[in-house]
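# Tertiary structure, described
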Amino acid sequence: MEVVAFASLVRFAGRTRCLERDVLMPEYSLRFKTLDTNLVQAGRPRPHVEGAVVTPIFQSANYEMGEEATYDAVRYIRLSNSPNHLTLQARLAAVESAEAALVTASGMAAISTAILSHVKAGEHLLTQRTLYGGTQSFLHRDASRLGISHTPIDIAAPDGARTWEGALTPQTRLIFVEAISNPLMEVGDLEAVVDFARHHDLVSVIDNTFATPVNFRPVELGFDLVVHSATKYLNGHSDLVAGAVIGSTASVDQVRHLLLHLGGSLDPNTCFLLERGLKTLALRVQRQNETAARLARFLEEQPPVRQVNYPGLASSPSHRYADRLFSGFGGMLSIYLQDAGLAERFLERLTLPIHAASLGGVESLVVRPARSSHLGLEQDERDRLGIGDDLVRVSVGIEDASELIADFEQALAE
Ligand SMILES: *Cc1c(COP(=O)(O)O)cnc(C)c1O
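Residues numbered from 1 in each chain as written. Predicted model: local features only at pLDDT ≥ 70, side-chain atom pairs only at ≥ 80, totals over all residues. Heavy atoms only, no water.

### Digging into the environment of Thr291
What counts, and what does not: In this description a helix means any DSSP run of H or I spanning at least four residues, a strand means any run of E spanning at least two, and both kinds are numbered starting from the N terminus. We call two residues contacting when some pair of their heavy atoms lies within 4.5 Å.
For Thr291, the position within the fold is in helix H13 (residues 281-300). Separated by 57 residues in sequence, Thr291 and Glu348 have C-alpha atoms that sit 22 Å apart. The residues touching Thr291, leaving out its near neighbours within four places in the chain, are Val396, Ala401 and Leu404.

### Thoughts on the site of the ligand
Here is the rule we go by: When at least one non-hydrogen atom of a residue lies within 4 Å of a molecule or strand, that residue is treated as near it. Counted as a polar contact is a pair of N or O atoms within 3.5 Å, where, for protein atoms, one must be capable of donating a hydrogen and the other of accepting one, and residues adjacent in sequence contribute only when both atoms are in side chains. For this scheme, ten residues count as nonpolar: Ala, Val, Leu, Ile, Met, Phe, Trp, Tyr, Cys and Pro. Four count as charged, namely Asp, Glu, Lys and Arg, and the remainder, Gly too, count as polar.
Near the ligand there are 14 residues, and of these Met108, Asp207, Ser229, Thr231 and Lys232 occur at the shortest range. Ser229 places a side-chain nitrogen or oxygen 2.8 Å from an oxygen atom of the ligand. Contact distances for the ligand include 2.6 Å between an oxygen atom and a side-chain N or O atom of Thr231. Of the residues assigned to the shell around the ligand, the class counts are 7 nonpolar, 5 polar and 2 charged.

### Looking at the packing of aromatic side chains
Let me state the cut-off plainly: Ring pairs shown here join Phe, Tyr and Trp side chains whose ring centres sit within 6.5 Å, with only the six-membered ring taken for Trp; geometry is labelled stacked below 30 degrees between planes, edge-to-face above 60, and tilted in between. Using a 1.4 Å probe on the protein chains alone, a residue whose accessible area is under 20% of its type maximum counts as buried, one over 50% counts as exposed, and one in between counts as partly exposed.
If you walk through the whole model with that rule in mind, you get 3 aromatic pairs. Aromatic side chains Trp164 and Phe196 sit 5.5 Å apart centroid to centroid with 85° between the ring planes, which places their arrangement in the edge-to-face category. With Trp164 in helix H7 (residues 164-167) and Phe196 in helix H8 (residues 190-199), this pair connects stretches of sequence that are 32 residues apart. For the pair shown, Trp164 and Phe196 are each scored as buried. Measuring from centroid to centroid gives 4.9 Å for Phe216 and Phe326, while their planes differ by 40°, and the two rings are tilted. Here Phe216, found in the loop between helix H9 (212-215) and helix H10 (218-221), pairs with Phe326, found in the loop between helix H14 (319-325) and strand S9 (332-337); they are 110 residues apart in sequence, far enough to count as distant.

### Digging into the pattern of salt bridges
Stated precisely, the cut-off is as follows: A pairing counts as a salt bridge when a side-chain nitrogen of Lys or Arg comes within 4 Å of a carboxyl oxygen of Asp or Glu.
Across all of its chains, the model carries 11 salt bridges by this definition. Glu275 is the partner of Arg91 in a salt bridge, and the nearest nitrogen-oxygen pair spans 3.5 Å. Residue Arg91 is located in helix H4 (residues 83-95), and its partner Glu275 is located in helix H12 (residues 268-278); the two are separated by 184 residues in the primary sequence. Assessed through its relative accessible area of 1%, Arg91 is described here as buried. The shortest N-O distance in the salt bridge between Arg324 and Glu191 comes to 2.8 Å. Highlighted residues: Arg324 in helix H14 and Glu191 in helix H8, separated in sequence by 133 residues. For Arg324, a relative accessible area of 59% translates into the label exposed. Judged by its relative accessible area of 25%, Glu191 falls in the partly exposed class. What you see here is one network of salt bridges that share partners, running through Lys120, Glu123 and Arg173.

### A closer look at the environment of Ser149
Mapped onto the secondary structure, Ser149 falls in strand S3 (residues 149-153). Given a relative accessible area of 37%, Ser149 falls into the partly exposed group. Counting along the chain gives 41 residues from Ser149 to Met108, while the straight-line C-alpha distance between them is 18 Å. Once residues lying within four places of it in the same chain are set aside, the contact partners of Ser149 are Glu123, His124 and Leu125.

### A word on the packing of H13 against helix H17 (residues 401-412)
Short version of the rule: To define axes, lines are fitted to C-alpha atoms, for helices over the stretch in contact only, and angles between the resulting N-to-C directions are given on a 0 to 180 degree scale. Angle categories are assigned with fixed cut-offs, so that under 35 degrees is roughly parallel, over 145 is roughly antiparallel, 65 to 115 is roughly perpendicular, and the rest are oblique. Left-handed describes a crossing whose near helix is turned anticlockwise from the far helix through less than a right angle; right-handed describes the clockwise counterpart.
At a minimum axis separation of 10 Å, H13 and H17 run at an interaxial angle of 25°. With respect to H17, the axis of H13 lies roughly parallel. For the element pair H13 and H17, the recorded crossing hand is right-handed. Contacts from Thr291, Arg294, Leu295, Phe298 and Leu299 of H13 reach H17 at Ala401, Ser402, Leu404, Ile405, Phe408, Glu409 and Leu412.

Written as structure tokens, this is what we have:
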């Protein structure tokens, strides 16, 4: 069959250039019913390119012209429309139950471009009080310089001491939250966020990096845009930097137009690696959910540990929201040790996890957020948020759970 089809393509290809391209251009709309299948198969080019089972790397900056009617239709890497982009974007949209997706050069490119494409000078955002350090300093330093202001709110308490209503201004356009916040693993009242955004006509944006679509799909709850640092779980192997923005076709197009000019597009070679990593997301995250839950329960019993932040623990104030919305609680946890000196010695004594920034890979990592992701914040800001030198964050990998827990046990036994 394949041979006959290919022969007829060759015969037709000579007729007109336009026909040659139309016949040879694969399409990427394939979608299945389940997340596990979509992770492996959604959006794969049909027909397969030269029969290749895996999307080959299209390391070509530019492409032959056809009859492109708009600038967007011109094919060029910066326009995020190589076959590697199209496959990956269709796959991510299917996996997050959304219409469309756009991949970007980093998680920060996804976040900054998503925000700037939906808010202009003079306008205002509501944000969760603790966010990823890069997002926080982007808002403080860069967005504010462009005339975009923001007010932090308590995402767990719509009617808290400072109500969400009270933080609104006539210029508020967008609300930005994280599904599980970094580094305190806070899960807010995300249903209330969606209702509040709808009621006040705000664009709701959620960073789903920590939860991953395996545990939570925010578009199904009603969020407008999902952003990811694909550097973390989506790729899962700590060997690339990438991001994604996922949502309705109209919203993602708005982000794509700004990305064309800010220029944070992803290289096809990195698209290929990310597509490869993504295929095992469900397997990895299920294992990481299980091991992190075991480790969190173990750590909760250890006297040198003052507090464990993990939304899967019944003792966590985030548990009631996470339990309603998530199918798993993720592979990230953080602990407060009795003091900063103890935290330092604990990190030195651990032998299995690597002491390194970033997260979401197959290898377990430990880090002090005050010395890494949140080093960009002022000391008093960190103290106010509870991000001190006594806080250690753990990214649980896929190693043997018992061996990992035994290592934590020896490192805590002074
Ligand atoms: C790492 C991270 C980012 C930034 O992503 P990069 O890929 O490093 O640009 C954003 N949000 C969260 C929650 C992250 O962990």
